[in-house]
There are 2 protein chains.
Amino acid sequence: MPFEYEYARPALTTDSVVFGLDDEDLKLLLIRRNLPPFEGGWALPGGFVRVGESVDEGARRELDEEAGVRVSFLEQLYTFGEPDRDPREHVVTVAYFALVNLIDHPPVAATDASDAAWFGLADIPELAFDHKTIVEKAFERLQGKLRYEPIGFELLPTKFSLTDLQKLYERILNRELDKRNFRKKVIAMGILRDLNELQQDVAHRAARLYSFDEPTYRKLQKDGFNFEL
Amino acid sequence: MPFEYEYARPALTTDSVVFGLDDEDLKLLLIRRNLPPFEGGWALPGGFVRVGESVDEGARRELDEEAGVRVSFLEQLYTFGEPDRDPREHVVTVAYFALVNLIDHPPVAATDASDAAWFGLADIPELAFDHKTIVEKAFERLQGKLRYEPIGFELLPTKFSLTDLQKLYERILNRELDKRNFRKKVIAMGILRDLNELQQDVAHRAARLYSFDEPTYRKLQKDGFNFEL
DNA sequence: TCAAAAGTGTTCATCTTACACCCATGG
DNA sequence: CCATGGGTGTAAGATGAACACTTTTGA
């Protein structure tokens, strides 16, 4: 036992709630635990923070190691510090909230032994520790942020139709939106670039394709513009 | 050195940004450090999280021990985990954001040797570690939350006038508000109880006093009402 | 020619903003 | 009687919500 301290220290981990959109369905990334406790059960990807790496780096490293996932969006969610949340000892976890684009970057096989899998939000199995609470909090955050920040684009392919975008909002917010009003609002914001391209190989009238114009968004944001949908 | 672990662990602390309103000026609570590093300098109240206590409890305990302050509102702000934020070693801190009512509960002398003091936001001295960053983030949070959650009342005495409330908003948001529109909006929300009392000992027409009607607020909130000012 | 989704404007109600004067009180 | 802040309404503009039909394309 080479590491000694004058006072007892809680262990420090990260756990990440990674959402992805797969064929227009919202999915959650889980890994199967191959160690006790909860051996064989499903849990959020995560692990111990190393001394000398930032907590954010730790979260990214664990995602890469456990699931081979490079996320496009990662932010802190909340720190869970109840002493009994891990049966072994006092483990404080910094939870993260992440979005990946499963369409442009489809998942590859997990790099180490543990297997990783994507679950529809309705089909989430029992989770280890307090991970259910963490997932719930992350989903609330996703719903909240979606309306006030342009994070939905992180889940879509670079080129998308207005209907794709609307479906995304409807699925995550869990309510229907008016097509005309939605289009009016999103176009009026001026943060979409019309690519003058059409969908290919669809059995109906092809939709125009757009991309998120991030530079323009940043410019508008500086001038006090607020995204809201 | 009685505590040994198989892997190195970062230290875990809390730091709290406590705001109070004093004679209608927003103040920040700081303590003077009596140990290196930054000995004699000002810093946020906080300290090590003990094994077996929740991180929230740790934050409250440190506030009580270092400044004798019982806060009415405390919530997590952010976890700062850069490995170089403390010159001694890797210290991860869970930062908290707290509000106290300095008018109904004026500060008492600090309980232990360290001295605590309230600083106007414009007069904040140099701070130890990355505490300046933490304070900035907390102030942004205060400004953001103030508009969408009824947290301003935590800073006011139980009985206040509409002008008191408006001044609070103007000071924190740093812009002027229209008196008539402000009153219309806040009255229309139906979350203020008119106490049918008047200010005493003022050298002008006395204002009506109100209190925040929290039960009604909670009821409205359940029915999907959203506070916004 | 049919099915399936794309695309497009107007109206009404609501909310937001701007704005100025009289009132009550104590000194 | 004057200085100080308390208290009040209206009109114009902006925003949000409801709503239905025509167009394009491939099968």
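Our structure's up above, just so we're on the same page.
Residues numbered from 1 in each chain as written. Chains lettered and ligands numbered in written order. Predicted model: local features only at pLDDT ≥ 70, side-chain atom pairs only at ≥ 80, totals over all residues. Heavy atoms only, no water.

Chemist: Report on the protein's contact with DNA strand D, specifying residues and quantitative values.
Modeler: The environment of DNA strand D is formed by 18 residues, the closest being A:R205, B:K179, B:K184, B:H204 and B:R208. Considering the 4 Å shell around the protein, atoms of DNA strand D inside it are sugar or phosphate in 37% of instances. For DNA strand D, a base nitrogen lies 3.0 Å from a polar atom in the side chain of A:N181. Separating a base nitrogen of DNA strand D from a side-chain N or O atom of B:K179 is a distance of 2.6 Å. For the surface near DNA strand D, the leading source of residues is helix α4 (residues 179-189) of chain B, giving 4 residues. (Near = heavy atom within 4 Å. Polar contact = N/O pair within 3.5 Å; in protein donor to acceptor, adjacent residues only side chain to side chain. Helix = DSSP H or I, 4+ residues; strand = E, 2+ residues; numbered from the N terminus.)

Chemist: Go over a positive patch on the surface with me, naming the residues and quoting the values.
Modeler: Positive charge collects at one region of the surface, where A:K179, A:R180, A:R183 and A:K184 lie side by side. Tracing the sequence through the fold places A:R180 in helix α4 (residues 179-189). (Patch = residues over 30% accessible without salt bridge, like charges linked within 9 Å, V, L, I, M, F, W, Y side chains within 5 Å. Areas by Shrake-Rupley, 256 points an atom, 1.4 Å probe, with all protein chains shown as cover. Salt bridge = Lys/Arg side-chain N within 4 Å of Asp/Glu carboxyl O. Lys, Arg positive; Asp, Glu negative; His and termini not counted. Charge placed at Lys NZ, Arg CZ, Asp CG, Glu CD.)

Chemist: Before we move on, can you summarise the relation of the copies chain B and chain A with the specific residues and values?
Modeler: Copies of the same chain, two in number, are related to each other by a rotation about an axis and a translation along it. The operation relating chain B to chain A is a screw motion whose rotation component is 180 degrees, with 0.0 Å of axial translation and a residual RMSD of 0.0 Å. Viewed as a symmetry operation, the transformation between the two copies matches a two-fold axis. Within chain B, the C-alpha atom positioned nearest to the axis of rotation is that of B:E4, 2.1 Å from it. Of the residues that chain B buries at the interface, 100% are likewise interface residues in chain A, meaning the two copies contact each other through the same surface. (Least-squares fit on C-alpha atoms with pLDDT ≥ 70 in both. Contact = heavy atoms within 4.5 Å.)

Chemist: So what's going on with the pattern of salt bridges? Residues and values would help.
Modeler: Taken as a whole and assessed by the stated rule, the structure comprises 40 salt bridges over all chains. Salt-bridge contacts for A:D194 lead to A:R208; the nearest nitrogen and oxygen are separated by 3.0 Å. Pair noted here: A:D194 is in strand β9 (residues 192-198) and A:R208 is in strand β10 (residues 208-212), with a separation of 14 residues, a long-range link. B:D86 is the partner of B:R88 in a salt bridge, and the nearest nitrogen-oxygen pair spans 2.7 Å. Using a relative accessible area of 49% as the deciding quantity, one classes B:R88 as partly exposed. Residues joined by salt bridges that share partners form a network here, namely A:R50, A:E53, A:R61, A:E62 and A:E65. (Buried < 20%, exposed > 50% of the residue type's maximum accessible area, 1.4 Å probe, protein only.)

Chemist: Got a sec to walk through the protein's contact with DNA strand C? Specific residues and values, please.
Modeler: Lining the immediate environment of DNA strand C, one finds 18 residues, of which A:T163, A:K179, A:K184, A:R208 and B:N181 sit closest. The sugar-phosphate backbone supplies 39% of the atoms of DNA strand C found within 4 Å of the protein. B:R180 has a polar side-chain atom sitting 3.2 Å from a base nitrogen of DNA strand C. Separating a base oxygen of DNA strand C from a side-chain N or O atom of B:R205 is a distance of 3.3 Å. Put simply, the parts of the chain that give the surface near DNA strand C at least two residues each are α4 of chain A together with α4 of chain B. Of the residues contributing to the surface near DNA strand C, the split by class is 4 nonpolar, 4 polar and 10 charged. (Nonpolar A, V, L, I, M, F, W, Y, C, P; charged D, E, K, R; others polar.)

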